[in-house]
Amino acid sequence: MKKLILSLAIISASMSVYSQGCIAVRSMSTANGNPSGSAFMKAGEFQFSTNFRKLHSYKHFVGKVEQPHRVEQKTEVINDSYNFDFGLTYAVSSRLSFTLNVPLSYNDRSSLYEHYGNGTPAGSNPRFHTQSQGVGDMRLSASYWLINPTTAPKGNIAIGVGIKAPTGNANVQDEFHRLDKDKKEYIQIKAVDQSMQLGDSGWGQSIEMQGYLSAFKKAQLYFNGFYLFSPKELNKATGFSVPDQFGARVGMTYALFPKKNIAVSLGGRLEGLPAVDAIGGSLGARRPGYIVSVEPGIIWSGHKSSFLVAVPYAVVRDRIPTWTVTGFREGDAAFADYFISATYAYRF
């Protein structure tokens, strides 16, 4: 029972972050524990995991205030994202492990102002689409449990560090529909929106933490979080900023049907990017902001495999002001109401 509950808690501690509509939060994972079978990996073991995530964003916010007229007037920006994150973990010991994560995504964005703009021809349908697809920025991370797992069945903390490499295309381009001075249409090839770019062009360094604590019979508390430092200031090819990003989760798992290895989880989730980076400059186009979500989930854990489905639902969406050399400036961004996340893991 203790192994099952602990395993379920660590499953819930796994975390991937992707673009939240117009808020360009890149794919990122926290320090990796073991989400399958027994509570922890043994020396020499491998674990493969994949996370699928889908979201549909269309509701615009300035600060925390929704702009419902955008949907009513059909001027909203719509982002549809389908993301996979593939991970391979190797355990050097029961306390130390290394993980390589490779993100893969497909993004579709439709809007009015990014194409014809205010010069829309009468009777036309100006909503056009741009897309991006491919491999994103890969990450290599290390995680270390502070207490020997064999002597800490009721609580433990893991700390981690990671490196993000600029392997994703940071200058994805597509066709934009324009009008010349005579109102004649032409096609312009340019960079797609920053929320759709597969990478940000910069190296990043992360600090990460996760942990668990027994609450009462059949239940475990969990928490995890990360902060990604991005020292590079600007992607000169696009003019987009290379921002820091952050994420955190806290909640509880409960072994609902222990004999069938089924548990449920409920927690809170925070993710976003700041207006000002902790290291380096903060110039360039960016949409800073954050999302707070309530995150219910259901988990199945077998001997070697585990499966988790979660549906975080946004309760706070805040498009914070952008920092500029002349001061902070308000802006808007589109957010999703919720997204669907499914994670599968297999140990060998």
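Below is a summary of the structure that appears in this document.

Rules behind the numbers
Residues numbered from 1 in each chain as written. Predicted model: local features only at pLDDT ≥ 70, side-chain atom pairs only at ≥ 80, totals over all residues. Heavy atoms only, no water. Core = buried A, V, L, I, M, F, W, Y, C linked by side-chain atoms within 4.5 Å. Buried < 20%, exposed > 50% of the residue type's maximum accessible area, 1.4 Å probe, protein only. Helix = DSSP H or I, 4+ residues; strand = E, 2+ residues; numbered from the N terminus. Contact = heavy atoms within 4.5 Å. Pairing = 2+ DSSP bridges. Polar contact = N/O pair within 3.5 Å; in protein donor to acceptor, adjacent residues only side chain to side chain.

**Section: the nonpolar core**
And then number 1: One finds Cys22, Ile23, Phe61, Val77, Leu273, Ile291, Ala314, Ala333, Ala334 and Phe335 forming the largest nonpolar core, which totals ten residues.
And then number 2: Broken down by element, this core gets its largest block of residues, three residues, from strand β23 (residues 332-347).
And then number 3: Beyond its immediate sequence surroundings of up to four residues, Ala333 is in contact with Cys22, Ile23, Lys59, His60, Phe61, Arg287 and Arg319.
And then number 4: Core analysis: the second largest hydrophobic core is formed by five residues, Phe40, Trp145, Ala152 and Ala158 among them.

**Observations concerning the pairing of strand β6 (residues 96-111)**
Here is the key point about a regular strand: its side chains alternate between the two faces of the sheet.
And then number 1: Two strands pair when backbone bridges link them, and strand β5 (residues 78-91) and β6 are joined in this way by 14 bridges, in the antiparallel orientation. From the neighbouring strand, Phe86 faces β6, where its bridge partner is Val102.
And then number 2: The antiparallel hairpin formed by β5 and β6 contains four residues in its connecting segment.
And then number 3: The sheet contact formed by β6 and strand β8 (residues 139-145) spans six bridges and is antiparallel. Counterpart to Ser97 in the pairing with β8 is Ser143.
And then number 4: In this structure, β6 lies alongside strand β7 (residues 128-135), joined through eight bridges in antiparallel fashion.

**Quick look at the environment of Asn261**
And then number 1: Residue placement: Asn261 occurs in the loop between β16 (245-257) and β17 (262-273).
And then number 2: Relative accessible area serves as the criterion here: at 26%, Asn261 is assigned to the partly exposed category.
And then number 3: Spatially, the C-alpha atom of Asn261 lies 8.1 Å from that of Ile299, the residues being 38 residues apart in sequence.
And then number 4: Polar side-chain contacts of Asn261 include one of 3.1 Å to the backbone oxygen of Ser301.

**Considering the environment of Ala314**
And then number 1: The topology assignment puts Ala314 in strand β20 (residues 313-318).
And then number 2: For Ala314, a relative accessible area of 6% translates into the label buried.
And then number 3: Here Ala314 is in contact with Ile291, Val292, Ser293, Ala336 and Asp337, once residues within four sequence places are set aside.

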